[in-house]
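# Descriptive analysis of the structure
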Amino acid sequence: MGNIVDEHVLDRRRTARDFWLRITIPAVLFAGLLVLLFTSVPLDALSPALLVAGAALLIGGAVGFLTGIRGPHWPIYALIFTGLAVLLLLPHPWQGLAFVPVPTSAAGYAMGKEIAFFRLDRRQPVSPATN
């Protein structure tokens with residue numbers, strides 16, 4: 001019986017380790033985008049750029065989380081195209097930030113999907129080992 005419990009603990013640790021490894025990739029890409037924003041955007045447009053990037057990350061993450069593992073992929077495309085269209089219609093400095101939601105929404109979507117995978121892995125019961 002102790003062997004099954006040990007395997008269950010090891011499986012949970014492996015699941016958590018894999019989750020952090022998989023979520024680090026889009027998080028590093030998002031951090032790189034923030035560095036690019038800080039270095040290339042004028043100071044007067046920095047706060048709108050951060051607002052757009054943060055909103056796109058949060059909304060993309062929510063879409064990824066809510067659509068789940070096998071959910072439809074069209075909501076992220078609709079989100080990206082809507083953000084692009086809205087920002088193109090707004091005045092300066094918002095119009096110059098029109099392409100910021102594209103990679104940030106994608107990074108948020110990837111992180112939201114990974115969180116959905118992690119929740120599913122944590123909920124599935126571990127089957128007993130057979131000897």
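To be clear, the structure that these remarks concern was listed above.
Because the structure is predicted, anything quoted here is derived from the model rather than measured. (Residues numbered from 1 in each chain as written. Predicted model: local features only at pLDDT ≥ 70, side-chain atom pairs only at ≥ 80, totals over all residues. Heavy atoms only, no water.)

## Some words on the environment of lysine 113
Tracing the backbone through its elements, the reader meets lysine 113 in helix α4 (residues 101-123). C-alpha separation for the pair lysine 113 and isoleucine 23, spaced 90 residues apart in sequence, amounts to 9.2 Å. If near-sequence neighbours (up to four positions away) are discounted, lysine 113 is found in contact with Gly64, Phe65, Thr67, Gly68, Ile69, Gly71 and His73. (Helix = DSSP H or I, 4+ residues; strand = E, 2+ residues; numbered from the N terminus. Contact = heavy atoms within 4.5 Å.)

## Some thoughts on the nonpolar core
In terms of nonpolar packing, the biggest core is built from 18 residues, with Phe30, Leu37, Val100 and Met111 touching the most fellow members. Of all elements in the fold, only α1 (2-40), α2 (46-67), α3 (74-89) and α4 reach the threshold of two or more residues within this core. The residues touching phenylalanine 30, leaving out its near neighbours within four places in the chain, are Ala53, Leu57, Thr104, Ala107 and Met111. (Core = buried A, V, L, I, M, F, W, Y, C linked by side-chain atoms within 4.5 Å. Buried < 20%, exposed > 50% of the residue type's maximum accessible area, 1.4 Å probe, protein only.)

## Quick word on the packing of α2 against α4
At a minimum axis distance of 6 Å, the contact between α2 and α4 shows a crossing angle of 35 degrees. Pair α2 / α4 crosses with right-handed handedness. Here Val52, Ala53, Ala56, Leu57, Gly60, Gly61, Val63, Gly64, Phe65 and Thr67 of α2 lie close against α4, whose contacting residues are Pro101, Thr104, Ser105, Ala107, Gly108, Tyr109, Met111, Gly112, Lys113, Ile115, Ala116 and Arg119. Of the residues contributing to the contact of α2 with α4, the split by class is 12 nonpolar, eight polar and two charged. (Axes fitted to C-alpha atoms, helices over the stretch in contact; angles between N-to-C directions. Left-handed = near helix turned anticlockwise from the far one by under 90°. Nonpolar A, V, L, I, M, F, W, Y, C, P; charged D, E, K, R; others polar.)

## Considerations on the pattern of salt bridges
Summed over all chains, the structure comprises two salt bridges. Across the pair aspartate 18 and arginine 17 runs a salt bridge whose closest N-O atoms are separated by 3.5 Å. The exposure class assigned to aspartate 18 is partly exposed, which follows from its relative accessible area of 22%. Judged by its relative accessible area of 55%, arginine 17 is exposed. Note that glutamate 114 is salt-bridged to arginine 22, the shortest N-O span being 2.5 Å. With glutamate 114 in helix α4 and arginine 22 in helix α1, this residue pair connects regions lying 92 residues apart in the sequence. (Salt bridge = Lys/Arg side-chain N within 4 Å of Asp/Glu carboxyl O.)

## Considerations on the environment of threonine 15
Position of threonine 15 relative to the elements: it lies in helix α1. Spatially, the C-alpha atom of threonine 15 lies 7.7 Å from that of arginine 122, the residues being 107 residues apart in sequence. Contact partners of threonine 15, with chain neighbours within four places excluded, come to Phe118, Asp121 and Arg122.

## Observations concerning α3
In a regular helix each residue adds 1.5 Å, so 16 residues correspond to 22 Å; α3 covers 23 Å between its end C-alpha atoms and thus fits that length. Within α3, the full set of buried residues consists of Pro75, Ile76, Ile80, Leu84 and Leu87. Packed against the buried residues of α3 are α2 and α4. (Expected span 1.5 Å × (residues − 1).)

## What about the side chain of glutamate 114?
Judged by relative accessible area, glutamate 114 falls into the buried class, the value being 14%. Setting aside residues no more than four positions away along its own chain, glutamate 114 makes contact with Phe19 and Arg22.

## A look at α2
Between its first and last C-alpha atoms α2 spans 31 Å; for 22 residues at 1.5 Å apiece the expected length is 32 Å, and the two agree. Among the residues trailing α2, glycine 68 stands out with phi positive, at a value near 75 degrees.

Keep in mind these numbers describe shape, not what the thing actually does.
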